[in-house]
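Listed below are the residues making up each chain.
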Amino acid sequence: MEPQHRKIWPAATLLILAAAAAVFCLFRLSQPDRMQTSLLLNCTQTNRNGWTFETESGPVEPVFGLGGYLDGIPVDGDSPVAAERVMEEPGQRDLLQFFGFGAGIQVFLDGELLYTDFPNEENRADAFLEDVDFSSISYDDLRIPLPIDCAGKTLRIVTYGTALNGLLYPAFPSLVSRFSDSVTAVSSIVWPMAAITAQVILALFLLLVFLFSAQTGPYLWKLLPLSGYFLLAAVPVTCGSFFALSAGLDTTGSLTAWLCLIYIDLLFCFLAISLHGWKRRILLIGAAAHILCSALRCFTSVTLFSGRLVDWLGFGLFLLTVLLMLLSHERMLRRTSLCLCGVAGVLFAAWCVSRFVGVEYLYPLSNPITSLLYGSPTALYTLLCTVAGLLCAAQVVAEFIRTAFSRQRQMIALQSRSQQAQEQYKQAQESLRNVSAFRHEWKNHISVLSLLQRKGDTEGLTEYLAQLDDQLEQLSPLHYTANFIVNTVLQRYVAKAKEIGAAFHATAPLPAELSIDEDDLCSFLFNLLDNAAEGAAGTPSGKPREIRCSLQIRQGYLAIRCENTFSGVVALDEENNLLTTKTASADHGYGLIQMRRIAAKYGSTLSVSYNAERFTVMTALKLP
């Protein structure tokens, strides 16, 4: 790996760690203490929280819909609704908090007025106001202090608003601590900031992977739509918080609304790139159609493209994407689609369970399904698309890292082959020098042989011919097998065995080509014979040093056996695993680990045995 590329990995690692630390700190800051939690005083079919309801006609019963959620209170026209309950909560919760309610309200406690949107009217707890203008009243946040002795008193909230299908939805508050004013404000900043930070950091990391791949090989163009998806995903979070005001964003503007609608289409484009043939074309056409319909809705006055129609079009496109991924031949896409189906199944199961145990227990999980059944699928397919985006990002990054390590192993293998070629070149040069020297001395050898023959020294003649035979054998390199790689490795360790004074015996009746990866074969044999040579070198003086190695094909397996003499001393850990006997143990001991990894890759195990004099390693690699 080149130096400039090596600098990218520490930078990427630091970027990830910094992002993780920032997100963790932001989420931690947004968590209130125990005395700063809030309690939503909602009304559901299974838990009414003590609420009773009254209109101008008298007491009425609420209407509940799918999932046990409150649909509203039946009224005549735009008649107001009064909701009453007895305060049973402890006194430290002394704020009533209302969020985003676009109607007029009055709040009474035991008949005493605490708050009103109509200060110019006579606000009495026993009477409803008449002819009030509530259409212009709208607020995002309202906090009403409660007295410390509020427990046991009757809370009355009167809601004035426009009825929908004869139902008026009353305003329900949350009970919060007075000390949570700052926490509530901080939370409204921290949670969106944490979400935006995480999405932007992930997008930048994917762009970093793209730039790195552009320098080292083919460009990963499909990372661009995936990065754009995470970048634009921050727009809805931004526009859905107070950041819209503090940053000066126009959340009602056409461009901002369009970006909030089409960012998921970039995820569909990324998935389309991973598909092939007609599946890719169909998904790209669907994404383009959704982008066009969203543009017509945001930038024109075409009434055909309503908000709900665009939402259902996006949901249909998501279902089409899941179906195409299930039909794909790519394992990664099939796994992603099955995971999405599993998440959707969990959400449906949570919604079904909430029908029996109460919606308040499984509210976060059941809400997307409830919204879908009410005709708004946005929450469901947005959540599932987020899961799909995270899975795709994780798989892409994992594949990139795997490719990077594979490229590094290839570079190591190339260096090893280059070293082998240099050694072969040196051996060839040494052989040529020996042949030249032998030719130069040939006349002298002939003279010596003639002299011994004339003397009739048969014994001396035989001994001299044996010496010449040894010299001739050393002049030509040994040929063990037709496989070039195996033959090269064995020739290398013949010379190494001679250096340590060990006899080297090898048999390898192999074909010229083997279906095992050359990098794996070289790595296995080098580690095997390195360990054997080191073991033979440690054989006590006075005892013969020997290395025996055999390779042969048996029933579709490459059987490998190596046996060597050694000192008879082995080091074991607490689990009886072999340890290196080298002095610098921190730098060694990986030979057996590497050989076991390669054996496992080819469906085998590494057998290691030893006695007082010999150390044996065996395996059988399955030929692909």
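Predicted, not measured: the structure shown is a model, and the values here were computed from it.

Undergrad: Can you walk me through the overall build of the chain in this structure?
TA: Tallying secondary structure elements over the chain gives 15 helices and 20 strands in all. Expressed as a percentage of the 624 residues in the chain, the buried residues total 40%. Summed over its atoms, the accessible surface of the chain is roughly 34,200 Å², and 59% of this surface lies on carbon and sulfur atoms.

Undergrad: What's the story with helix H15 (residues 591-601) in this structure? I'm lost.
TA: One turn of the α-helix equals 3.6 residues, which is why residues spaced by three or four share an orientation. Within H15, burial applies to Gly591, Leu592, Met595, Ile598 and Ala599. When H15 is viewed along its axis, its buried side chains cluster within an angular range of 125° and face the same direction. Exposed residues lying more than 90 degrees from the buried face of H15 are Ala600 and Lys601. Where H15 ends, the next residue or the one after it, Gly603, has phi of about 65°, a positive value.

Undergrad: Would you mind going over the sheet that holds strand E6 (residues 81-86) with me for this structure?
TA: What holds strands together in a sheet is hydrogen bonding between their backbones, with the strands either parallel or antiparallel. Spatial strand order, E3-E2-E6-E11-E8-E9: 6 strands in an open sheet with antiparallel pairing. In this open sheet, the two strands that pair with only one neighbour each are strand E3 (58-60) and strand E9 (112-116). Across the sheet, the mean angle from the axis of one strand to that of its neighbour is 25°, orientation sign disregarded. Bridge count between strand E8 (residues 104-109) and E9: 4 bridges; the pairing is antiparallel. Bridge pairing in E9 places Val107 opposite Tyr115.

Undergrad: Just to check I follow, could you spell out the nonpolar core for this structure?
TA: Note on soluble globular proteins: their nonpolar side chains tend to be buried together. In terms of nonpolar packing, the biggest core is built from 44 residues, with Leu226, Leu267, Phe268, Leu271, Leu283, Phe318 and Cys385 touching the most fellow members. Counting residues per element, the ones that place at least two in this core are helix H3 (181-216), helix H4 (223-239), helix H6 (254-274), helix H7 (277-299), helix H8 (307-326), helix H9 (331-357), helix H10 (363-373) and helix H11 (378-455). In terms of residue count, the dominant contributor to this core is H11 (10 residues). Those residues in contact with Leu283 that lie beyond four places of it in its chain are Phe268, Leu271, Ala272, Leu275, Leu317, Thr321 and Leu324. Core analysis: the second largest hydrophobic core is formed by 42 residues, Ala506, Ala508, Cys562 and Leu592 among them.

Undergrad: Whenever I open this one, the sheet that holds strand E12 (residues 167-168) confuses me. Can you help?
TA: Reading across from one edge, E4-E5-E12 is the order of the 3 strands in this open sheet, with antiparallel pairing throughout. The open sheet terminates on both sides in strands that have one partner only, identified here as strand E4 (63-64) and E12. Relative to strand E5 (residues 70-74), E4 is paired through 2 bridges, and the arrangement is antiparallel. Residue pairing in the sheet places Phe64 in a bridge with Leu70 of E5.

Undergrad: Looking at this model, I keep getting lost on the side chain of Lys279. Mind explaining?
TA: Relative to the elements of secondary structure, Lys279 occurs in helix H7. Despite its burial, Lys279 remains without a salt bridge, the nearest opposite charge being carried by Glu330 at 9.9 Å. In contact with Lys279, not counting residues within four places along its chain, are Leu324, Leu327 and Ser328.

Undergrad: Would you mind going over the packing of aromatic side chains with me for this structure?
TA: Each aromatic ring pair is summarised here by two numbers: the centre-to-centre distance and the angle between the ring planes. On inspection of all chains with the given rule, the structure shows 12 aromatic pairs. Pairing Phe53 with Phe172 gives two aromatic rings, centres 6.4 Å apart and planes at 85°, and the pair type is edge-to-face. Taken together, the residues Phe53 in strand E2 (residues 52-55) and Phe172 in the loop between E12 and strand E13 (174-176) connect sequence positions 119 residues apart. For Phe53, a relative accessible area of 4% translates into the label buried. Geometrically, the ring pair formed by Tyr169 and Phe172 is edge-to-face, given 6.0 Å between the ring centres and 90° between the ring planes. With relative accessibility at 36%, the residue Tyr169 sits in the partly exposed group. Residue classification places Phe172 among the buried positions, given a relative accessible area of 12%. Of the aromatic side chains, those joined through ring pairs into one cluster are Trp51, Phe53, Tyr169 and Phe172. The ring of Trp51 is capped by Arg85, whose NZ or CZ atom sits 5.6 Å from the centre of that ring.

Undergrad: How should the pattern of salt bridges be read in this particular structure?
TA: Proximity of charged atoms lets side chains of opposite charge pair with each other. Taken as a whole, this structure holds 11 salt bridges when the rule is applied. Glu54 serves as the salt-bridge partner of Arg156, at 3.4 Å between the closest nitrogen and oxygen. Residue Arg156 is located in strand E11 (residues 154-160), and its partner Glu54 is located in strand E2; the two are separated by 102 residues in the primary sequence. For Glu546, the salt bridge goes to Arg548, with nearest N and O atoms at 2.8 Å. Judged by relative accessible area, Glu546 falls into the buried class, the value being 12%. Judged by its relative accessible area of 41%, Arg548 falls in the partly exposed class.

Undergrad: How should the packing of H9 against H10 be read in this particular structure?
TA: Packed helix pairs are specified by the crossing angle of their axes together with the interaxial distance, meaning the distance between the axes. Between H9 and H10, the shortest axis-to-axis distance is 8 Å and the interhelical angle comes to 90°. Put simply, H9 runs roughly perpendicular to H10. In this structure, H9 contributes Leu347, Phe348, Ala350, Trp351 and Ser354 to the contact, and H10 contributes Leu365, Ser366, Ile369, Thr370, Leu372 and Leu373. Tallied by class, the residues present in the contact of H9 with H10 amount to 8 nonpolar, 3 polar and no charged.

Undergrad: What is the right way to look at the packing of H6 against H7 in this model?
TA: Contact geometry of H6 with H7 gives a least axis separation of 9 Å together with a crossing angle of 180°. Here H7 runs roughly antiparallel to H6, going by the angle between their axes. Contact residues: H6 offers Ser254, Leu255, Ala257, Trp258, Leu261, Ile262, Asp265, Phe268, Cys269, Leu271, Ala272 and Ile273, while H7 offers Arg280, Leu283, Leu284, Ala287, His290, Ile291, Ser294, Ala295, Arg297, Cys298 and Phe299.

Undergrad: Explanation requested: a negative patch on the surface in the structure shown.
TA: A cluster of acidic residues, Glu56, Asp76, Glu121, Glu130 and Asp131, forms a negative patch at the surface. As for its position among the elements, Glu121 is in the loop between E9 and strand E10 (139-145). Glu121 sits in the partly exposed class, given a relative accessible area of 37%.

Undergrad: Can you walk me through unusual backbone geometry in this structure?
TA: Negative phi values dominate among residues other than glycine, just as trans dominates among peptide bonds. The phi torsion at Asn49 lies on the positive side, around 60°, for a residue other than glycine. With respect to the helices and strands, Asn49 occurs in the loop between strand E1 (39-40) and E2. With phi around 60°, Asn165 is a residue other than glycine that occupies positive phi space. With respect to the helices, strands and loops of the structure, Asn165 is situated in the loop between E11 and E12.

Cut-offs and rules
- Residues numbered from 1 in each chain as written.
- Predicted model: local features only at pLDDT ≥ 70, side-chain atom pairs only at ≥ 80, totals over all residues.
- Heavy atoms only, no water.
- Helix = DSSP H or I, 4+ residues; strand = E, 2+ residues; numbered from the N terminus.
- Buried < 20%, exposed > 50% of the residue type's maximum accessible area, 1.4 Å probe, protein only.
- Areas by Shrake-Rupley, 256 points an atom, 1.4 Å probe, with all protein chains shown as cover.
- Arc of directions from axis to C-beta.
- Pairing = 2+ DSSP bridges.
- Axes fitted to C-alpha atoms, helices over the stretch in contact; angles between N-to-C directions.
- Core = buried A, V, L, I, M, F, W, Y, C linked by side-chain atoms within 4.5 Å.
- Contact = heavy atoms within 4.5 Å.
- Lys, Arg positive; Asp, Glu negative; His and termini not counted.
- Salt bridge = Lys/Arg side-chain N within 4 Å of Asp/Glu carboxyl O.
- Phe/Tyr/Trp six-rings, centres within 6.5 Å; stacked < 30°, edge-to-face > 60°.
- Lys NZ or Arg CZ within 6 Å of the ring centre and 35° of its normal.
- Parallel < 35°, antiparallel > 145°, perpendicular 65-115°, else oblique.
- Nonpolar A, V, L, I, M, F, W, Y, C, P; charged D, E, K, R; others polar.
- Patch = residues over 30% accessible without salt bridge, like charges linked within 9 Å, V, L, I, M, F, W, Y side chains within 5 Å.
- Charge placed at Lys NZ, Arg CZ, Asp CG, Glu CD.

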